[in-house]
Amino acid sequence: ACPLYGPVDEHMFVIINKEVKRTSEFRLNIHANIKEDFSKMTEEELLQAPIMETQHIIDFGTVAPGKKAKKTLSIKNVGHNTMMVRRVYCEENLLKIPAPKSVRSGKKGDVRLELSTLGLEKGQYERKMLVITNDPKNAEMPVIVRWTVE
């Protein structure tokens, strides 16, 4: 299994004659989007698969500059098998997102979001977050996160 799903950025340096060249001209940037392959699942496996339900918008409301705010995103498994939460991802480091590792059938797991407005100008903000699971029909569920710094 892959330790990291979704967007991944890595870099490496070129080695020439056993010497590592650690300058920008010899740096290789690798951008990938790691996805789970559900194509080999049988019809029976698909019927028994987990099904993710979650809200599509999280609104933090108004947050003072330089402050933190917390919200909870609930992820429910309405399918049969255990849902594995692979990753909850937001491109920027404005959100801290520790996610539950698994959600059993008929249960819900909470993702506690922590927003930091440190360094943000006053105004309205909106970012897209991805909830990545082993639900073969909705492996990547986008969630919009909104707030106003005032």
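Residues numbered from 1 in each chain as written. Predicted model: local features only at pLDDT ≥ 70, side-chain atom pairs only at ≥ 80, totals over all residues. Heavy atoms only, no water.

1. Looking at the environment of Phe38
Put simply, the rule is: Strands are runs of DSSP state E lasting at least two residues, helices are runs of H or I lasting at least four, and both sets are numbered from the N terminus onward. We call a residue buried when its accessible area falls under 20% of the maximum for its residue type, exposed when it is over 50%, and partly exposed in between, using a 1.4 Å probe and counting protein chains only. Two residues qualify as a contact provided that any one of their heavy atoms is within 4.5 Å of a heavy atom in the partner residue.
Inspection of the secondary structure puts Phe38 in the loop between strand 4 (27-34) and helix 1 (43-48). On the basis of relative accessible area, Phe38 is assigned to the buried category, the value being 16%. Along the primary structure Phe38 and Asp135 are separated by 97 residues, whereas in three dimensions their C-alpha atoms are 9.0 Å apart. The contact partners of Phe38, leaving out residues within four places of it in the chain, are Thr133, Asn134, Asp135, Pro136 and Ala139.

2. Observations concerning the nonpolar core
The cut-off we apply is this: Definition used in this section: a nonpolar core is a set of buried Ala, Val, Leu, Ile, Met, Phe, Trp, Tyr and Cys residues joined via side-chain atoms within 4.5 Å.
Grouped together as the largest cluster of nonpolar side chains are 25 residues, with contacts concentrated most on Phe60, Leu73, Leu113, Met129, Val131 and Trp147. Top contributing element to this core by residue count: strand 13 (residues 140-149), with 5 residues. Leu113 has contacts with Ile58, Phe60, Ala69, Lys70, Lys71, Leu73, Lys96, Ile97 and Met129, leaving out every residue within four places of it along the chain.

3. Here's the deal with the pattern of salt bridges
Rules: Any Lys or Arg side-chain nitrogen found within 4 Å of a carboxyl oxygen on Asp or Glu counts as a salt bridge.
For the coordinates displayed, the defined rule picks out 6 salt bridges. Close ionic contact of Glu19 with Lys21 constitutes a salt bridge, the shortest N to O distance being 3.6 Å. The class of Glu19 is partly exposed, set by a relative accessible area of 44%. Among the ionic pairs, Glu114 bridges to Lys70, the shortest N-O distance being 3.9 Å. Taken together, the residues span a long stretch of sequence, with Glu114 in strand 11 (residues 108-116) and Lys70 in strand 7 (residues 68-77) at a distance of 44 residues. Among the ionic contacts, a cluster of salt bridges with common partners joins Lys68, Lys70 and Glu114.

4. What about the sheet that holds strand 12 (residues 123-133)?
By definition, the strands of a sheet pair up through backbone hydrogen bonds, in either a parallel or an antiparallel sense. Stated formally: Paired strands, as defined in this entry, are two strands with at least two bridges between them according to DSSP.
With respect to topology, 5 strands assemble into an open sheet ordered 6-13-12-8-10, the strand pairing being mixed. Each edge of the open sheet carries a strand with a single partner, namely strand 6 (57-63) and strand 10 (102-103). Note that strand 8 (residues 83-90) and strand 12 share 5 bridges and pair antiparallel. Note on strand 12: the bridge partner recorded for Arg87 is Ile132.

5. Things to note about unusual backbone geometry
With glycine set apart, most residues show a phi of negative sign, and most peptide bonds adopt trans. Notably, Asn17 is not glycine yet its phi reads approximately 50°, a positive angle. A positive phi angle is found at Lys18, which is not glycine, with a value near 65°. The exposed category is assigned to Lys18, whose relative accessible area is 83%.

On their own, these measurements won't tell you what the molecule is for.
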